[in-house]
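In case you want the letters, here they are:
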Amino acid sequence: MSALRRFEQFMEQLVEGSMARMFRSSIQPVEIARRLEKAMESNQRISVKRVIVPSFYRAYLHPQDFAAFQPVRQQIEQELATYLSELASERDFVLLEQPRVVLAEDPAVPRRSIQVVAEMGSNQVDQPNMTKIMQVDQAASRSSGAFLLLQTGDTSQALPIATTMVSIGRGLDNDIILEDTRVSRKHAQLRYRQRRFWLTDLGSTNGTFVNGERIAERALRDGDVISLGGLELIFREG
């Protein structure tokens, strides 16, 4: 049974009897679940060996919509967290801690709308500026279909470049995570401008090289060999 179907069955049981009135609200719990799923998909951090997704989610509702969920808010939050845990397992995503979901009210959110903030850990809950949402930028993806090709032993792994600005490094707050001691925590940045991708070194310890030449910044061409402190990747642009 899929994670979503199991969640739907739980909600069907919950709304029996006296709880049925709550779901006359314009927002259904499964809609929140789908928005959380979208937030998980959009906030991936790509590592060499794994795909890391956020563990903390806050779903904001208009106060009138939020009020409808108050009688069973804790149960729904727990069940949504279970749903995300099962979803991550289904898709081979890695969670750095047990997922947590919080429903909150915000008068700035329109009626019948849901706004989700996703963060890597719950310790960031009071630091909204630390939230880094990775969303696919349609302009970049349409124009390039670019990716970095990493050779590991006899296999190669494609690391997609999904936004117009991508941070690369060893730290878990990067868009592309390279868990290699030669790579600095914040090593380099890819930025799409003038219809090309530009690679910029971020003051890394071991340097950033393109085709064997150390660079501060350079526009990339298909087939360029990038070295981050000795870890090599090939830039590909479809």
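You'll find the structure just up there.
The structure displayed is predicted, hence computed values, not measured ones. Residue indices follow the written sequence of each chain, beginning from 1 at its first position. This being a predicted model, a pLDDT of at least 70 is required before a residue's local features are given, and a value of 80 or more before pairs of side-chain atoms are given or counted; all residues contribute to the totals for chains, interfaces and linings. Hydrogens and water molecules were not included; the side-chain quantities draw on all heavy atoms of the structure.

Student: I'm lost on the sheet that holds strand S3 (residues 56-61) in this one. Help?
Tutor: Within a sheet, each strand pairs with its neighbour through backbone hydrogen bonds, oriented either parallel or antiparallel. Here, a strand pair is defined by DSSP locating no fewer than two bridges between the strands. For helices the rule is a DSSP run of H or I covering at least 4 residues; for strands it is a run of E covering at least 2, with both sets numbered from the N terminus onward. Read across the open sheet, the three strands follow the order S5-S3-S6; overall the sheet is mixed. Looking at which strands have only one partner, the edges of the open sheet turn out to be strand S5 (100-105) and strand S6 (115-119). Between one strand and the next, the sheet's axes are offset by a mean angle of 20°, whatever the strand orientation. Note that S3 and S5 share six bridges and pair parallel. Directly across from Ala59, in S5, lies its bridge partner Leu103. Running at roughly 135° to S5, helix H4 (residues 73-90) makes contact with S3 and S5 of the sheet. Lines fitted to C-alpha atoms define the axes here, with helix axes fitted over just the stretch in contact, and angles between the N-to-C directions of these axes take values from 0 to 180 degrees. Note on contacts: a residue pair is in contact if any heavy atoms of the two residues lie within 4.5 Å.

Student: Could you clarify how one ought to interpret helix H2 (residues 29-42) in this entry?
Tutor: Each full turn of the α-helix corresponds to 3.6 residues, which orients residues three or four apart in the same direction. Its 14 residues give H2 an end-to-end C-alpha distance of 20 Å, which sits within 8% of 20 Å, the value for a rise of 1.5 Å per residue. Only protein chains enter the accessibility calculation, which uses a 1.4 Å probe; a residue is then buried when its area is under 20% of its type maximum, exposed when over 50%, and partly exposed in between. Of all the positions in H2, only Pro29, Ile32, Ala33, Leu36, Glu37, Ala39 and Met40 are classed as buried. In an axial view of H2, the angular spread of the buried residues amounts to 160°, which keeps them on one side of the axis. How far a helix is expected to stretch is found by multiplying one less than its residue total by 1.5 Å. Note that the arc is defined by the directions from the helix axis to the C-beta atoms.

Student: Just to check I follow, could you spell out the pairing of strand S11 (residues 188-193) for this structure?
Tutor: Regular strands show a simple pattern: their side chains alternate between the two faces of the sheet. Pairing of strand S9 (residues 165-169) with S11, which is carried by four bridges, proceeds in the antiparallel orientation. Considered in S11, the bridge of Ile168 is made with Ala188.

Student: Help me out: how do you make sense of the side chain of Gln189 in this one?
Tutor: With respect to the helices and strands, the residue Gln189 is situated in strand S11. According to the relative accessible area criterion, Gln189 is buried, its value standing at 18%. Side-chain polar atoms of Gln189 contact the side chain of Arg191, separated by 3.5 Å. When sequence neighbours within four positions are dropped, the list of residues in contact with Gln189 reads Met165, Val166, Trp198, Leu199, Thr200 and Leu202. Pairing of N or O atoms within 3.5 Å defines a polar contact, subject to two protein rules: one partner must be a possible hydrogen donor and the other a possible acceptor, and residues neighboring in sequence count only if both atoms are side-chain atoms.

Student: Got a minute to help me understand the pattern of salt bridges in this structure?
Tutor: Close approach of charged atoms allows side chains of opposite charge to pair. Put simply, a salt bridge is a Lys or Arg side-chain nitrogen that is within 4 Å of an Asp or Glu carboxyl oxygen. Considering all chains together, one arrives at 10 salt bridges under this definition. One salt bridge connects Glu37 with Arg91, and the closest N-O pair in it is separated by 2.6 Å. Note that Glu37 is positioned in helix H2 and Arg91 in the loop between H4 and strand S4 (93-95), a separation of 54 residues in sequence. The exposure class of Glu37 is buried, given its relative accessible area of 16%. The residue Glu77 makes a salt bridge to Arg73 at a minimum N-O spacing of 2.8 Å. Here Glu77 and its partner Arg73 are both found in helix H4, four residues apart, which amounts to about one turn of the helix. Overall, the relative accessible area of 26% leaves Arg73 in the partly exposed class. In this structure, a network of salt bridges that share partners links the residues Glu37, Glu41 and Arg91.

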